[in-house]
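Listed below are the residues making up each chain.
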Amino acid sequence: MSQQGYVAAPPYSQAQPGMGAYQGGFGSGPTQPLYGHYGGPPQAFSAPPAGKMHLSVLNITFFFFVYLDSFSGIVRLENSLHKMCSFYFLVQGLQSPPPPASSVVQQPFQTPPPSTMAPPQMPPGLQSPHMSPLMSPPQSPPESMPMASQSMAGTSMAGMGRPFPGPPPPGPGGFQQPGLGSAGQPGYPQQAGYMAGPQQNMPGAFPGAQSAMAGPPQKKLDPDSIPSITHVIEDDQVKQGGQVFTTNIRGQVPPLVTTDFTVTDQGNASPRFIRCTTYSLPCTADLAKQCQVPLAAIIKPFASLPKNETPLYVVNHGDTGPVRCNRCKAYMCPYMQFIDGGRRYQCGFCNCVNEVPVFYFQHLDHMGRRVDFYERPELSLGSYEFVATLDYCKNNKPPNPPAYIFMIDVSYNNIKSGLVKLICDELKTLLEKLPREEGMETSAIKVGFVTYNKVLHFYNVKSALAQPQMMVVSDTAEMFVPLLDGFLVNYQDSRAVIYNLLDQIPDMFADTAESETVFAPVIQAGVEAFKAAECSGKLFIFQSSMPTAEAPGKLKNRDDKKLVNTDKEKTLFQPQKGVYEQLSKDCVASGCCVDLFLFPSQYTDIATMADVPSHTGGSVYKYSNFQVPTDGEHFLRDLRKDVQKSIGFDAIMRVRTSTGFRATDFFGGIYMNNTTDVEMAAVDCDNGVTVEFKHDDTLSEETGALMQCALLYTTIGGQRRLRIHNLSLNCSSQLSELYKSCETDSLINFFAKSAYRAILNQPLKNVREILVNQTAHMLACYRKNCASPSAASQLILPDAMKVFPVYMNSLMKTAPLVGSTELSTDDRAHQRLSVMAMGVEDTQLLLYPRLIPLHNIDVNSEKPATPVRCSEERLTDSGIFLLENGQSMFLWLGQASSPDLIQSLFNLPSLAHLQGHMCALPELDNPLSRKVRSIISGLLEKRSNSMKLQIVRQKDKPEMLFRQFLVEDKGLHGGASYMDFLCYVHREIRQLLT
C-alpha cells in the first residue's frame, strides 16, 4: 500500500446522501423539537379542553386505568382500592394515532358502547413526536398546553448512582423519608407486613402485591390491558421492519434487536456493534443521579453482519500506522474537525489541535470538509479496521497464525457413553471447515490433539509420519509440552495422519477403567504449547467430571444446599481461589482462550471450572447426563458453531469518550489488569461487553457525547489489526429526553450483569431488593419530573420503558437470583456465567422467551409465525406451542390436540401413543411437518447456541420444566407474576412520592 493510504472502490467514489447531518465534524447536533411542556419553563397545570379525549368505559370489578399518552409518550396504569368499580381505557393526546391492538380492551362482560368524541386537534406549530428531529423546527409550546406544575418539574430525586454498591443511600431530594422501613434501609418507607423484595416463602413473592384489591374476591383484569412485550416487538417490526437504518444522525434510537432491518453506516457504528441504555445522556451528574437510569453501552465488537450489509473496510497506512490524536490517542474518525486549510485537525474527544501528517494531507472543500471524505472509511464511517504496525505487536514481531488444540477426556465415563468416538468422528469433517480469511482457500489455523485422564497424552501428527506418535506426561505438577515440531500442524498438510489418529483414539482407550481426571494441568499444557509456538489460540476441552485426581487444581465437592437463602449462599457462586486464578492470568497473557464442554452426571463445581473460560472470552457448554442418542446432535451443533464462528485473538479493548464522562466499569468474559484496558484472550461474534459510564464534568447539549471503542487483535490469518467503532449520543438537560431515548433491551442487559456480579458479594435478598428499588426509583423520577400531574393512584410508565417491569420481574425469577434448594447449584452458576458475556439480543430472548402457536399456522405463508405472550393463559388444550429462549426449546402438546395434527407431526394416531423423552420430530412428507421443522431449524441456525428440543405433553411431569419459562406467571421456585409485580412496584413508587 502506498503512503497515500486507502482509496476505496465504490460506493466511496460517489458522495453518499445524508452525510450533511454532521455539522462541523459532529459539533452542533440537529435541533430537537420541543414537545409540550418539556421545552418551556414550568407553568401551572391546566386541564385539557373538554371533548379532547377518547374514552371507553367497561364495567368490571377491578379499577385499573391504562393511559397511552402519545404526546408525552407515556403509558399509565392505575389501580384503586375500590371494591366495585369500572375499567377505563383512555387515550389522551394531541392528534394521537389510534391505539395499538394491545390497548383495546376486550372483556366478556356486557359493556356500554364506547363514547364517541371528536378526535383531538394538534395546535398550530407543533409536530408529531414521532417525526425525525431533523424534520421539525423548534416551536414554543402554546399557552393552552398542559404543563407540569412548578413542584413537579422543579424538585429533584436523590438515589444511588449505580445498582449494586450496597444499600441505597438516603436522599433528601424530593422524597419525604419517614425513617427506616422494615427492611432496615433508609429512604424506603414500608408498611407493616410488607418487605421490599420477593420473599421465598410466599407463592407470589410479593406479599403486598394484592393490596390494591381490598374486599371480597374480584374478577380478574384482562392481561391484554397492560403493556405487552409481544405487541411492542410486533409494532416495531411493522414500523421499522425491512427498513434501512442510516447512522448519520447523532443520538438516533435504533430499531429493537428483534426487528429485521438493514443498517447503512454513515458515520456512527451499527447497533449490531453498539447499543446504549439511552441515546440522550443527562448533561450533569446530578441529573444522572436523580433519574438513576444507568448510562451504559453494550459492545459486540465482532458482531456478525447479515449478507446484505457491507463488511468492515480495512485501511492500511503502511509503516506509519493509523493517524491518532497526540493527547488522548483517539484514532482518526468522523468526529475529527479539519481546520487551517486541512493542515491541522481538532480532536472531537479531547479538543486537542493536531498537525496532519504530510502523507495524510488533503484540501478542504467549501463546506470545510476534506475532498477525499468519501474515499476514506475512517472519515465517513462509524466502523472500520486499520492494519496495525509492528508497534502494536508483542515484542515488535508480527504474530503467527493462531492454533486450535482439541483436548479430550478419555476417562471411563466418556468412553462408555460413546462421546469420545462421537468427537473423533465429527472432527474428521469439522476440521475441513476451520474459519479462514476472506479470499483464502484454506485456513491458516494450526491444530493439535491431547487426550487425558490422570495423565496427559500428546500426539505428534507431523505430515512426514506414517503413524501418529503418542508422548505421555505423567508429572502433572510441572506441566510441559514434550514435543515442539509436529504437535501444532497445518490440517491440510497432515490430514492423513490426523485421520489415522482420530480412528485410533476410541480403540486405544476402549478398555480403560480410569475414572479420575485432572483439569488445571490440561489448561496449563495448552498455555505452554502456545508459548512455545509463539502464537495465540483456543483450547477445546471435553471434560466429564470434577477433577479429583491428585494434581494442581484438584477440587472437592462443596455443594451445600443448607447455604441457600443464607448470607453464605454467595460462596456457591464464587470460584475457589489459587490455581485457577493464576491460570486465568497466564491464559490472557498468552492469548489462550478456553472453551469447556462439560458432560457431568453430578455436581462438578462449575463456578470454579468455568472461571478460566469466563475470563478468557471462552464459552462453557453443559450436557447433563449425556447420552449420544438423545444429546449427540445437540452437542455436535454447538461444537460446529463454536469451531466455525468468526473470532479474533489476543485482544485488548479500550473505550475512549469525549470530555465530561468516562467508562468506569466493565462486565463480560474479560480480564482487567488495570482500570482501562479490557483484555480478552479471544473475542468472537457472540461476546458482548457491557460498559458503564459516569460523569466527570458537565456535558454540552450542542456538542453531544462521543465514544470510540478500539479493539486491537490478531486475525485468524495472523495479521494484527485495530477494529474501531464510533458512536455519537445526544445530551440533554431535560430528563424527558433521556427517558424518551431509553432502550429497554439494553437496560435489562446491564441490570442482569450488574445483579449477577453482585451476587458474588451480597446476599440474594439484598440484590433483589436493590433491583426492585431501582425500578421504582427510575419510574418515580419519570412520574415526578416528566409526566403531567395526575391522580396519585396512577402508575405512569415512559413509553420507551413500558415493558421494563416485565423484564425486571423475569430477571428476578432466573435461577441465579432465586434461592431454591430444588435448583442445581451448577445450573445456577452456569447461567450466571453465560449471561455475563451475552449481548443485548441474547439477554432479551433469555428473559422473555418466544412462545409460538403452531396449531393454526398457515403452512403456505412465508411470513414468520407471530409469538404470543409468555403466560399459561395463552395455552389452549387443543393447541401445540413452540417455546424457545436461546438456551432451551420445548414443543408443548395440549391434551386435546387434534389427532390430525399429531398424525401430521409424529405419524401417530393420537397423543397417547407418543413416547416420553422425544427430542426430535420425524421427517414426514406433509406440509405441516415441513413447516414446523423449517421453523425449528431456522431458530437453531439463528441462535448462538444449539437448543435441545424437548417434547412435553400437557399435564405430564416434564411439563413443569416448560412452565418455568412462562415468565408472566408466578415462578415455580418463587417470584411474582407480572401483574403482581406491577402492583408491587406501583406501591413502592407511591411511597417514594408520598
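These figures come from a predicted structure and were not determined experimentally.

Our next topic: the overall build of the chain. Summing up its helical and strand segments, the chain has 22 helices and 34 strands in all. When each of the 994 residues of the chain is scored for burial, the buried share is 59%. Across the chain, every contact between residues at least 6 apart in sequence was considered, and the portion connecting residues at least 24 apart equals 74%. Of the accessible surface of the chain, which amounts to about 38800 Å², a share of 51% is contributed by carbon and sulfur atoms.

Turning to the side chain of S977, a few remarks are in order. Within the secondary structure layout, S977 lies in the loop between α21 (959-963) and α22 (978-993). Assessed through its relative accessible area of 12%, S977 is described here as buried. In this structure the side chain of S977 is engaged in a polar contact, spanning 3.2 Å, whose partner is the backbone nitrogen of D980. In contact with S977, not counting residues within four places along its chain, are N809, K813, E968, D969 and K970.

This brings us to the environment of K585. Mapped onto the secondary structure, K585 falls in helix α9 (residues 579-590). As for K585 and A681, which are separated by 96 residues in sequence, their C-alpha atoms are 9.9 Å apart.

Sheet strands pair by backbone hydrogen bonding; their relative direction is either parallel or antiparallel. Across the sheet, which stays open at both edges, the three strands sit in the order β11-β12-β13 with antiparallel pairing between neighbours. Strand pairing shows two members of the sheet lacking a second neighbour, β11 (337-339) and β13 (353-355), which therefore form its edges. Neighbouring strand axes in the sheet, compared pairwise and without regard to direction, differ in orientation by 30° on average. Where β11 lies against strand β12 (residues 344-346), three bridges are found, and the strand directions are antiparallel. Residue pairing across strands places Q337 opposite Q346, the latter belonging to β12.

What follows deals with helix α7 (residues 495-508). Spanning 14 residues, α7 covers 20 Å between terminal C-alpha atoms, matching the ideal 20 Å at 1.5 Å per step. Looking at the packing, one finds that the buried side of α7 touches α6 (419-430), β16 (446-452), β17 (456-460) and β19 (489-490).

Quick look at the nonpolar core now. By size, the foremost hydrophobic cluster in this structure holds 110 residues, and its most contacted members are Y739 and L811. If one sorts the elements of this core by residue count, helix α15 (residues 764-785) sits on top with 10 residues. With residues up to four places along the chain from it excluded, the contact list for Y739 reads C291, V293, M778, C781, Y782, C786, P798, A800 and M801. L483, V518, I523 and V612 belong to the second largest nonpolar core, which has 45 residues in total.

All right, on to the packing of aromatic side chains then. Applying the stated criterion across every chain, the model contains 33 aromatic pairs. Pairing F599 with Y623 gives two aromatic rings, centres 5.2 Å apart and planes at 20°, and the pair type is stacked. Note that F599 is positioned in the loop between β21 (592-598) and α10 (606-609) and Y623 in the loop between β22 (620-622) and α12 (628-644), a separation of 24 residues in sequence. In this pair, the class of F599 matches that of Y623, namely buried. The ring of F373 has R369 sitting right over it, with the charged end atom 4.6 Å from the ring centre.

Attention now moves to the pairing of β16. With six of its seven residues buried, β16 lies for the most part within the structure. In terms of strand pairing, strand β15 (residues 403-409) meets β16 through seven bridges, oriented parallel. Looking at the pairing, F406 lines up with F449 of β16. Summarising the sheet, β16 and β19 pair through two bridges and their orientation is antiparallel. The residue bridging K446 from the neighbouring strand is N490, located in β19. Sheet topology places β16 next to β17; three bridges connect them, and they run antiparallel. Following the sheet pairing, Y452 is matched in β17 by L456. Hairpin connection, β16 to β17: the antiparallel pair is bridged by three residues.

The feature "domain: Zinc finger Sec23/Sec24-type" (unreviewed entry), as given by UniProt, occupies residues 322-360 in the numbering adopted here. Between the C-alpha atoms that bound residues 322-360 there is a distance of 10 Å. The span itself is 0% helix and 23% strand.

Our focus in this paragraph is the confidence of the model for the chain. Of the residues in the chain, 77% reach a pLDDT of 70 or more, and the chain-wide mean stands at 81. The low-confidence segment residues 1-162 (pLDDT under 50) makes 376 contacts with residues lying over four places distant or belonging to another chain. Scored below 50 in pLDDT, residues 165-218 makes 120 contacts in the model with residues more than four places away or belonging to other chains.

A few words now on α22. The terminal C-alpha atoms of α22, which comprises 16 residues, lie 22 Å apart, in line with the 22 Å expected from a rise of 1.5 Å per residue. Of all 16 residues in α22, 14 are buried; the element is thus mostly enclosed.

Let us now look at unusual backbone geometry. For K329, which is not glycine, the phi dihedral falls at a positive 70°. As for its placement among the helices and strands, K329 is situated in the loop between β10 (314-315) and β11. Positive phi values are uncommon outside glycine, yet N625 reaches one of about 50°. Following the sequence through the fold, N625 ends up in the loop between β22 and α12.

This next bit is on the environment of P223. Residue placement: P223 occurs in the loop between α1 (150-154) and α2 (229-240). Along the backbone, P223 and E873 are 650 residues apart, and their C-alpha atoms lie at a distance of 9.2 Å. Not counting the four nearest positions on each side in its chain, P223 is found in contact with R869, E873, R874 and M979.

A few words now on the pattern of salt bridges. Across all of its chains, the model carries 44 salt bridges by this definition. With its nearest N and O atoms 2.5 Å apart, the salt bridge here joins K462 to D485. You can see K462 sitting in the loop between β17 and β18 (469-473) and its partner D485 sitting in the loop between β18 and β19, a full 23 residues away along the chain. Owing to a relative accessible area of 33%, K462 belongs among the partly exposed residues under this scheme. One salt-bridge network, held together by shared partners, links K538, D595, D642, K645, D684 and D686.

Ordered by their spatial adjacency, four strands build an open sheet running β7-β9-β27-β24, and the pairing between neighbours is antiparallel. Of all strands in the sheet, those bounded by a partner on one side alone are β7 (274-276) and β24 (661-667). Between one strand and the next, the sheet's axes are offset by a mean angle of 25°, whatever the strand orientation. In terms of strand pairing, strand β9 (residues 296-299) meets strand β27 (residues 689-695) through four bridges, oriented antiparallel. Following the sheet pairing, A296 is matched in β27 by E692. Taken strand by strand, helix α14 (residues 744-758) contacts β7, β9, β24 and β27, and its axis lies near 60° from that of β24.

Under the definition given, this model contains zero disulfides. Free cysteine: C347, not disulfide-bonded; nearest cysteine sulfur from C328 at 3.6 Å. In this structure C347 comes out as buried when scored by relative accessible area, which is 1%.

As a packed pair, α14 and helix α18 (residues 840-847) sit with axes 9 Å apart at the nearest point and diverge in direction by 85°. It follows that α14 is roughly perpendicular to α18 by the angle criterion. Together, D745, S746, I748 and N749 of α14 and V840, T843, Q844 and L847 of α18 make up the contact between the two elements. Of the residues that constitute the contact of α14 with α18, the class distribution is three nonpolar, four polar and one charged.

A word on the environment of Y404. Along the chain, Y404 turns up in strand β15. A sequence separation of 42 residues divides Y404 from K446, and the C-alpha atoms of the two residues are 6.2 Å apart. Here Y404 is in contact with L434, P435, I445, K446, V447, G448, K538, F540, V643, I647 and F649, once residues within four sequence places are set aside.

Moving on, we get to a nonpolar patch on the surface. Where nonpolar side chains cluster on the molecular surface, the patch consists of M470, V472 and M508 and spans about 250 Å² of accessible area. With respect to the element layout, V472 can be found in strand β18.

Quick look at the packing of α14 against helix α17 (residues 825-836) now. Relative orientation of the contacting elements α14 and α17 amounts to 135°, with a least axis distance of 9 Å. One finds that α14 runs oblique with respect to α17. The crossing of α14 and α17 is left-handed. Across the interface between the two elements, A752, K753, Y756 and R757 of α14 pack against Q831, R832, V835 and M836 of α17. Residues of the contact of α14 with α17, tallied by class, amount to four nonpolar, one polar and three charged.

What counts and how
Residues numbered from 1 in each chain as written. Predicted model: local features only at pLDDT ≥ 70, side-chain atom pairs only at ≥ 80, totals over all residues. Heavy atoms only, no water. Helix = DSSP H or I, 4+ residues; strand = E, 2+ residues; numbered from the N terminus. Buried < 20%, exposed > 50% of the residue type's maximum accessible area, 1.4 Å probe, protein only. Contact = heavy atoms within 4.5 Å. Areas by Shrake-Rupley, 256 points an atom, 1.4 Å probe, with all protein chains shown as cover. Polar contact = N/O pair within 3.5 Å; in protein donor to acceptor, adjacent residues only side chain to side chain. Pairing = 2+ DSSP bridges. Axes fitted to C-alpha atoms, helices over the stretch in contact; angles between N-to-C directions. Expected span 1.5 Å × (residues − 1). Core = buried A, V, L, I, M, F, W, Y, C linked by side-chain atoms within 4.5 Å. Phe/Tyr/Trp six-rings, centres within 6.5 Å; stacked < 30°, edge-to-face > 60°. Lys NZ or Arg CZ within 6 Å of the ring centre and 35° of its normal. UniProt positions renumbered as here; feature names shortened; annotations may be inferred. pLDDT = per-residue confidence, 0-100. Salt bridge = Lys/Arg side-chain N within 4 Å of Asp/Glu carboxyl O. Disulfide = S-S within 2.5 Å. Parallel < 35°, antiparallel > 145°, perpendicular 65-115°, else oblique. Nonpolar A, V, L, I, M, F, W, Y, C, P; charged D, E, K, R; others polar. Patch = residues over 30% accessible without salt bridge, like charges linked within 9 Å, V, L, I, M, F, W, Y side chains within 5 Å. Left-handed = near helix turned anticlockwise from the far one by under 90°.

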